[in-house]
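# Tertiary structure, described
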Amino acid sequence: MQEITEPKDRLLLGPGPSNVNPRVIRAMTMPLMGYLDPTFLGVMGDVVELLRTAFRTKNDFTLALSGTGTSGMEASLINILESGDTVVVAINGVFGLRIADIAGRCGANVVTVDAGWGSPIDIGLVKQALENLDKVKLVAAVHVETSTGVVQPMQPLAELAHAKGALFLADAVTSLGGVDVRIDDWGIDICYSATQKCVGSPPGMSPITLSPNAVEAMRSRQNKVQSFYLDLQLLEKYWLTDHVYHHTASMSMIYGLREALLMLVEEGLEDRFARHSLNAQALKAGLRELGMGVLAEEEFQAPQLTAALIPEGLDEAKVRRALLNEYGIEIGGGLGSLAGKVWRIGLMGESSKSSHVLNLLQALESLLARENYKFDVGSSLSAAQKVFAS
Ligand SMILES: *Cc1c(COP(=O)(O)O)cnc(C)c1O
């Protein structure tokens, strides 16, 4: 049998997963317990409290699903929507498309409001779509679209939804822990995230929070949710109220999530957002020297995910492969129509560090020089350093 060799350490600067602090990995090695062990229930209670802080919410219904970000998306939609309900989905990238896909599987009447990939959603078009519809159950949008690096303002969409008597759902998979997410202040009714992007633990859990109105909508369903595993009312009984068995908790993942959230609170939300912002500014200053602009307009650029425009004629896949093989650095390629056109560079959570920005630029300079690509040697590093010194 072939010997299994441990993969080399990677610097994860793609669209997720991001790197994880050793403190989180150590926490994941804590002893296993029964899923109703009072000590473990205490750990779950901590996670709920910490998630409320991260989400800036007082929502009673706050917990973490066993599953990646898509489980949060699926749970949100299947617990709220029933066959025949109308949902308006804003789409400007891969994850908006996925929301519309899942909503369609619920038998909902899916109305989409589309924008170009790299552009924000036009609020006027959402308003128009809502005016043209009779009754709308839900409006859904992605906060940070990881396929394009666009951050979409959530509050105006929430206000439009509420004016129509609809609930508002926000995908905060990439935003939570990297930019501000204000559930209560912005009027977000349903929000899910994931652990492996800006939260700082490995992939495998999906934090989720529901406003009292969303809980009410869920309780007044006509039919049972088709999925047992993702039935939020059953999960509520395990996580939040009676602590009755539903499924065996993913204990090690929950230990890891708790530690990552503790680190987030220790750092402080504002300082954490400032760190993400500064590192992104430095990265973009460096890329500019290499002749690379950013897909999104400045006002809508997400600090945790930069979609960098690849110069004409560069064999981008070759450079990306060399980055991985020779430097152990992962960055992402473009998805769908953006394949070959952008690099998706993530500076998320533990991966958002000034030293990583400098290492990436250094590696890129070496590889681009090898491709006979023209730029001023050292210019990207000094541009980034200037941002860090300012
Ligand atoms: C990554 C991502 C998802 C899906 O999460 P998985 O953990 O891959 O299941 C959903 N929405 C957005 C915005 C994402 O970036």
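Counting 95 residues, the largest nonpolar core has Phe168 and Trp239 as its most contacted members. Among the elements that take part in this core, helix 2 (residues 38-55) stands out by supplying 10 residues, more than any other. The residues contacting Trp239, other than those within four sequence positions of it, are Met44, Val47, Val48, Leu63, Ala64, Met205 and Ile254. Counting 32 residues, the second-largest nonpolar core is a separate cluster that includes Leu287, Leu323, Val357 and Ala383.

With that out of the way, let us pick up the site of the ligand. Neighbouring residues of the ligand: 14 residues in total, closest Thr68, Thr70, Thr146, Gln196 and Lys197. Here an oxygen atom of the ligand sits 2.5 Å away from a polar atom, N or O, in the side chain of Thr70. Side-chain polar atom of Thr174 to an oxygen atom of the ligand: 2.9 Å apart, as the coordinates give it. Contributions of two or more residues to the shell around the ligand are made by helix 3 (69-80) and helix 4 (94-105). It is helix 3 that provides the largest number of residues to the shell around the ligand, a total of three residues. Across the shell around the ligand, the residue classes break down as five nonpolar, six polar and three charged.

When you tally the buried positions in strand 10 (residues 205-210), you get six out of six residues, the bulk of the element. The side-chain alternation of strand 10 yields two buried faces, one formed by Met205, Pro207 and Thr209 and the other by Ser206, Ile208 and Leu210. Alignment of strand 2 (residues 61-66) against strand 10, held across six bridges, turns out to be antiparallel. Bridged to Leu63 within strand 10 is Ile208. Pairing geometry for strand 9 (residues 190-192) and strand 10, over three bridges, is antiparallel. Bridging from a neighbouring strand, Cys191 pairs with Thr209 of strand 10.

Right, let's talk about the side chain of Ser71 for a bit. Looking at the secondary structure, you find Ser71 in helix 3. Residue class for Ser71 comes out buried when judged on its relative accessible area of 13%. Non-local contacts of Ser71, meaning those with residues more than four positions away in its chain, are made with Leu65, Ser66, Ser206 and Leu230.

Here the focus is the pairing of strand 11 (residues 305-309). Within strand 11, four of the five residues are buried, which leaves it mostly tucked inside the rest of the structure. In this structure, strand 11 lies alongside strand 14 (residues 342-346), joined through five bridges in antiparallel fashion. Paired with Leu305 across the two strands is Gly346, which belongs to strand 14.

Counting across every chain of the model gives 18 salt bridges. A salt bridge links Arg219 to Glu236; the nearest nitrogen and oxygen atoms lie 3.1 Å apart. One end of the pair, Arg219, is in helix 8 (residues 212-219); the other, Glu236, is in helix 9 (residues 232-239), and 17 residues separate them in sequence. Of the residues examined, Arg219 reaches a relative accessible area of 44% and is grouped as partly exposed. A residue is classified by how much of its surface remains accessible, and Glu236, at 12% relative accessible area, is buried. Here Glu326 and Arg370 are joined by a salt bridge, their closest N and O atoms 2.6 Å apart. Highlighted residues: Glu326 in helix 12 (residues 316-327) and Arg370 in helix 13 (residues 354-370), separated in sequence by 44 residues. We classify Arg370 as partly exposed; its relative accessible area is 49%. Residues joined in a network through salt bridges with shared partners are Arg56, Asp180, Arg182, Asp185 and Glu270.

Its domain assignment divides the chain into domain 1 (22-266) and domain 2 (268-389). For domain 1 and domain 2, the distance between their C-alpha centroids amounts to 29 Å. Opposite the 28 residues of domain 1 that make contact, domain 2 presents 23 residues. Around 2,100 Å² of area is buried between domain 1 and domain 2 when both sides are counted, 62% of it from carbon and sulfur atoms. The largest share of the area that domain 1 buries against domain 2 comes from Trp117, Gly149 and Leu264, three residues that together contribute 20% of it. Inspection of the region where domain 1 meets domain 2 yields one salt bridge. The salt bridge partner of Arg56 is Glu270, with a shortest N-O separation of 3.0 Å.

Parameters and conventions
Each chain carries its own residue numbering, running from 1 in the direction its sequence is written. Totals for whole chains, interfaces and linings use all residues, but because this is a predicted model, local features are given only for residues with pLDDT of at least 70 and pairs of side-chain atoms are given and counted only at 80 or more. Note: side-chain values were computed over all heavy atoms of the structure, leaving out hydrogens and water. Put simply, buried Ala, Val, Leu, Ile, Met, Phe, Trp, Tyr and Cys residues joined by side-chain atoms within 4.5 Å make one nonpolar core. Partly exposed residues are those whose accessible area sits between 20% and 50% of the maximum for their type, while under 20% is buried and over 50% is exposed, using a 1.4 Å probe and protein chains only. Helix numbering and strand numbering both begin at the N terminus, where a helix is a DSSP run of H or I of at least 4 residues and a strand a DSSP run of E of at least 2. For this analysis, residues touch if any pair of their heavy atoms sits within 4.5 Å. Here a residue is considered near a molecule or strand provided that any single heavy atom belonging to it is located within 4 Å of it. Here a polar contact means two N or O atoms within 3.5 Å. Within protein one must be a hydrogen donor candidate and the other an acceptor candidate, and residues neighboring in sequence count only if both atoms are side-chain atoms. Three categories are distinguished: nonpolar for Ala, Val, Leu, Ile, Met, Phe, Trp, Tyr, Cys and Pro, charged for Asp, Glu, Lys and Arg, and polar for the others, with Gly belonging to the last. Whether two strands pair comes down to DSSP finding at least two bridges between them. One side-chain nitrogen of Lys or Arg within 4 Å of one carboxyl oxygen of Asp or Glu is enough to make a salt bridge. As used throughout, domain bounds are those supplied by an automatic or database domain assignment. Two parts placed together each lose some accessible area under a 1.4 Å probe, and adding up what both lose gives the buried area.

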